[in-house]
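Architecture at a glance
Now for the letters of each chain:
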Number of protein chains: 2
Amino acid sequence: MPTAGVVIIGNEILSGKFADENTPWLVRRLRELGCDLLRVAVIPDTLAEIAAEVAAQSERFDWVFTTGGVGPTHDDLTFAGIAQAFGVPLHHHPDLTAILRAKLGEACNEAALRMAEIPEGSALWWDGGVVYPLVVTRNVCIFPGVPSLLKLKFDKVAHRFAGTPLSVRRLHTHQQESAIADRLTEAAARWPAVAIGSYPRLDEVPMRVIVTLEGRDESALAASAAFLLDGAVGLTEAP
Amino acid sequence: MPTAGVVIIGNEILSGKFADENTPWLVRRLRELGCDLLRVAVIPDTLAEIAAEVAAQSERFDWVFTTGGVGPTHDDLTFAGIAQAFGVPLHHHPDLTAILRAKLGEACNEAALRMAEIPEGSALWWDGGVVYPLVVTRNVCIFPGVPSLLKLKFDKVAHRFAGTPLSVRRLHTHQQESAIADRLTEAAARWPAVAIGSYPRLDEVPMRVIVTLEGRDESALAASAAFLLDGAVGLTEAP
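Residues numbered from 1 in each chain as written. Chains lettered and ligands numbered in written order. Predicted model: local features only at pLDDT ≥ 70, side-chain atom pairs only at ≥ 80, totals over all residues.

**Brief notes about the overall build of chain A**
What counts, and what does not: A run of H or I in DSSP becomes a helix once it reaches four residues, and a run of E becomes a strand once it reaches two; helices and strands are each numbered from the N terminus. The globule rule used here is 2.2 Å times the number of residues to the 0.38 power, and the radius of gyration it is set against is calculated over C-alpha atoms. Each residue is classed by its C-beta neighbour count within 10 Å, where at least 20 other C-beta atoms makes it buried, 12 or fewer makes it exposed, and intermediate counts make it partly exposed; the C-beta atoms are placed from backbone geometry. For the purpose of contact definition, each residue receives a C-beta atom placed from its backbone, and two residues are in contact when these atoms lie within 7 Å.
Within chain A, the secondary structure is distributed over 9 helices and 12 strands. Its C-alpha atoms give chain A a radius of gyration of 22 Å, more than 25% over the compact-globule value 18 Å for 239 residues. Structurally, chain A occupies a C-alpha span of about 75 × 35 × 30 Å along its principal axes. Relative to its full complement of 239 residues, chain A shows a buried share of 43%. Intrachain contacts of chain A at a sequence separation of at least 6 include 69% that bridge at least 24 residues.

What follows is the structure in structure tokens.
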């Protein structure tokens, strides 16, 4: 299955000036697509932070999705940070420069042209006949931070990241989590292809513990569920 | 000012089974407290990931807040991961063991006692006369993942992380971001104590760009705001 990491580049998220709409949306879309998200990092707009996080994630995952920092202002450092991550220079890409000039006309000043200054060797993805392509440096897909734009641009290229979606079973119990812990440990050991999670919902009355079984091997899922639903454990299917 | 990082330990967040309520809440509370949040990492429940992220954040920030992975089941690896981060063993803390035995009675099995097995040398914080203390290993405060419990426990100890809250000014314009970029760059260079951010709101009609000025030096804030509000730039106070 394809794996992915997300890098949210934004002081405005860390400082709480704006809510992070992008992470919850990407989490949901990647789940639907069957692409395994293995890390999200929210980092400040600095060259060193961007370079370090992107370099580390790029090495570990099939895909890295960055959001934010691609506009024309002084705090837009994503392209420069990614260039630094891979030790390549920035260059004004002629195709992007031409699009910006055509679109902005007289307003296409030096600041605007910073948006066309991308890491050397980047690919441009034109999927879906877009007017402005997605910039992709190695396995790093560089998305805007504006939520509506991110969604639009991500959905054009989403087919490239698709795997097999996970299947999930949900069980629950009104017992304490510790009462089912041993049985869960045993199930986790017997069916390593099934990811078993246990989540107390203390806010609910009566309190309950939700147990999730997740995986892509349907027979292992069914067998582990049957093992946990069996008799003395006290787990039942969650509605 | 105190600095902080957050480590959200949870496959269930990455896989989208549960929404992450803890990050938005911590972001807001840290802002109110005047504690500068510099990084959020959402990572899987594995020893290696927990150890690596906690070790890195602990070295860089005054405080690290982890959430999740402190229950009695097989997927609760936070204490073990933090012990590994600092190269110390786990041990059953006698005070925690006693509380669990008193609270759970006969239900206090071996699984439940895993919750009392914490990194050697950890401190217990009893702020606010709580029944169950917060476990703190060096500068790492170990919170539960259940949102209602996290909030309750964080607020008991929040006074320890307090600094001076940031002041913020919001300006806006209906021009393109590139039209104000040069002026923002100049302001950022002239008032380094002021963090200047620029955020296009393309979903709004008419489109506008919000510019935020943030800092703790009131005279620098006032001066940079005056510089940007002056005349030809086209920025005005945001409502």
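There is more to say, and it comes next.
**Focus: the sheet that holds strand E11 (residues 208–215) of chain B**
Residue and element names in this part refer to chain B. We apply this condition: In short, DSSP must find at least two bridges between two strands for them to pair.
Across the sheet, 4 strands lie side by side as E10-E11-E9-E12; this open sheet has antiparallel pairing. Each edge of the open sheet is held by one strand with a lone partner, namely strand E10 (195–201) and strand E12 (236–237). Here strand E9 (residues 167–173) runs beside E12; their pairing, made up of 2 bridges, is antiparallel. Each bridged residue has a counterpart across the sheet, and for His172 the counterpart in E12 is Thr236.

**What to know about the relation of the copies chain B and chain A**
The criterion, for reference: The copies were overlaid with a least-squares fit restricted to C-alpha atoms from residues scoring a pLDDT of at least 70 in each copy.
Note on the identical chains: chain B maps onto chain A by a rotation of 180 degrees and an axial translation of 0.0 Å, with an RMSD of 0.0 Å. Read as a symmetry element, the transformation amounts to a two-fold axis. Taking C-alpha positions as reference, the residue of chain B nearest the rotation axis is Ala41(B), located at 2.2 Å. Take the interface residues of chain B: 100% of them recur as interface residues in chain A, which is what a same-surface contact looks like.

**Points about the pairing of strand E3 (residues 63–67) of chain B**
All names here are of chain B. The buried fraction of E3 amounts to 5 of the 5 residues, a majority that puts the element mostly inside the structure. Side chains Trp63, Phe65 and Thr67 project from E3 onto one buried face, and the interleaved Val64 and Thr66 project onto a second face that is buried too. Pairing of strand E1 (residues 3–9) with E3 involves 5 bridges; the strand directions are parallel. Bridge pairing in E3 places Gly5 opposite Val64.

**Observations regarding the domain arrangement of chain A**
How big an interface is tends to be expressed through the accessible area that disappears when the partners come together. Inclusion rule: Boundaries of every domain are those given by an automatic assignment or by a domain database.
Domain boundaries in chain A define domain 1 (3–161) and domain 2 (167–237). Spacing between the C-alpha centres of domain 1 of chain A and domain 2 of chain A amounts to 38 Å.

**Points about the sheet that holds strand E10 (residues 195–201) of chain A**
Residues and elements named next belong to chain A. Quick reminder of the rule: Where helices are involved, their axes are fitted lines through C-alpha atoms of the stretch in contact, as for all axes, and angles between N-to-C directions lie from 0 to 180°.
Strand order across the open sheet formed by 4 strands is E10-E11-E9-E12, with antiparallel pairing between neighbours. Either end of the sheet is taken by a strand with one partner, and the two such strands are E10 and strand E12 (236–237). Along the sheet, helix H8 (residues 177–190) contacts strand E9 (167–173), E10 and strand E11 (208–215); its crossing angle with E10, the most-contacted strand, is approximately 170 degrees. Sitting on the sheet, helix H9 (residues 218–229) touches E9, E11 and E12, and the angle it makes with E9 is about 5 degrees.

**Overview of the interface of chain B and chain A**
Filter applied, for reference: Residues were grouped as follows: Ala, Val, Leu, Ile, Met, Phe, Trp, Tyr, Cys and Pro as nonpolar; Asp, Glu, Lys and Arg as charged; and all remaining residues, including Gly, as polar.
Facing the 53 residues of chain B at the interface are 53 residues of chain A. Counting residues per element, the ones that place at least two in the side of chain B that touches chain A are helix H1 (11–14), helix H2 (22–33), strand E2 (36–43), helix H6 (110–113), helix H7 (147–157), helix H8 (177–190), E10 and E11 of chain B. When residues in the side of chain B that touches chain A are grouped by element, the largest group, 8 residues, is from H8(B). Across the side of chain B that touches chain A, the residue classes tally to 29 nonpolar, 14 polar and 10 charged.

**Thoughts on helix H2 (residues 22–33) of chain A**
Residue and element names in this part refer to chain A. Under the convention used in this document: Expected helix span is computed as 1.5 Å times (number of residues minus one). The arc in question is formed by the directions pointing from the helix axis toward the C-beta atoms.
Compared with the 16 Å implied by 1.5 Å per residue over 12 residues, the 16 Å span of H2 between its first and last C-alpha is a close match. All buried positions along H2 are accounted for by Asn22, Thr23, Leu26, Val27, Leu30 and Leu33. Along the axis of H2, the buried positions cluster into a sector of 135 degrees, meaning they face one direction only. Exposed and facing more than 90 degrees away from the buried side of H2 are Arg28 and Glu32. Residue Gly34 follows H2 closely and has a positive phi angle near 80 degrees.

**Notes on the environment of Glu53(B)**
Residue and element names in this part refer to chain B. Tracing the backbone shows Glu53 in helix H3 (residues 47–60). Along the backbone, Glu53 and Ile43 are 10 residues apart, and their C-alpha atoms lie at a distance of 8.4 Å. Residue contacts for Glu53: discarding those within four places in its chain leaves Val7, Ala41 and Ile43.

**Points about the environment of Gln176(B)**
The residue Gln176(B) is located in the loop between E9 and H8 in this model. Each C-alpha atom of the pair Gln176(B) and Arg208(B) lies 7.8 Å from the other, and the pair is 32 residues apart in sequence.

**Digging into the nonpolar core**
How we decide: For this entry, the nonpolar core is defined as buried Ala, Val, Leu, Ile, Met, Phe, Trp, Tyr and Cys residues connected by C-beta atoms within 7 Å.
By size, the foremost hydrophobic cluster in this structure holds 120 residues, and its most contacted members are Ala4(A) and Ala4(B). Leaving out residues up to four positions away in the same chain, Ala4(A) has contacts with Leu30(A), Cys35(A), Asp36(A), Leu37(A), Leu38(A), Phe61(A), Asp62(A), Trp63(A), Val64(A), Phe65(A) and Phe161(A).

**A look at the packing of helix H3 (residues 47–60) of chain A against helix H4 (residues 78–86) of chain A**
Residues and elements named next belong to chain A. We apply this condition: Angle categories: roughly parallel below 35 degrees, roughly antiparallel above 145, roughly perpendicular from 65 to 115, and oblique for all the rest. Note on convention: near helix rotated counterclockwise from far helix by under a right angle means a left-handed crossing. Clockwise means right-handed.
Remark: H3 packs on H4, axes separated minimally by 8 Å, with the N-to-C direction vectors making an angle of 55 degrees. Taken together, the axes of H3 and H4 lie oblique to each other. Like other packed secondary-structure pairs, H3 and H4 cross with a definite hand, here right-handed. Here H3 contributes Leu47, Ile50, Ala51, Val54, Ala55 and Ser58 to the contact with H4, which in turn contributes Thr78, Ala80, Gly81, Ile82, Gln84 and Ala85. Classifying every residue of the contact of H3 with H4 by side-chain character gives 8 nonpolar, 4 polar and no charged.

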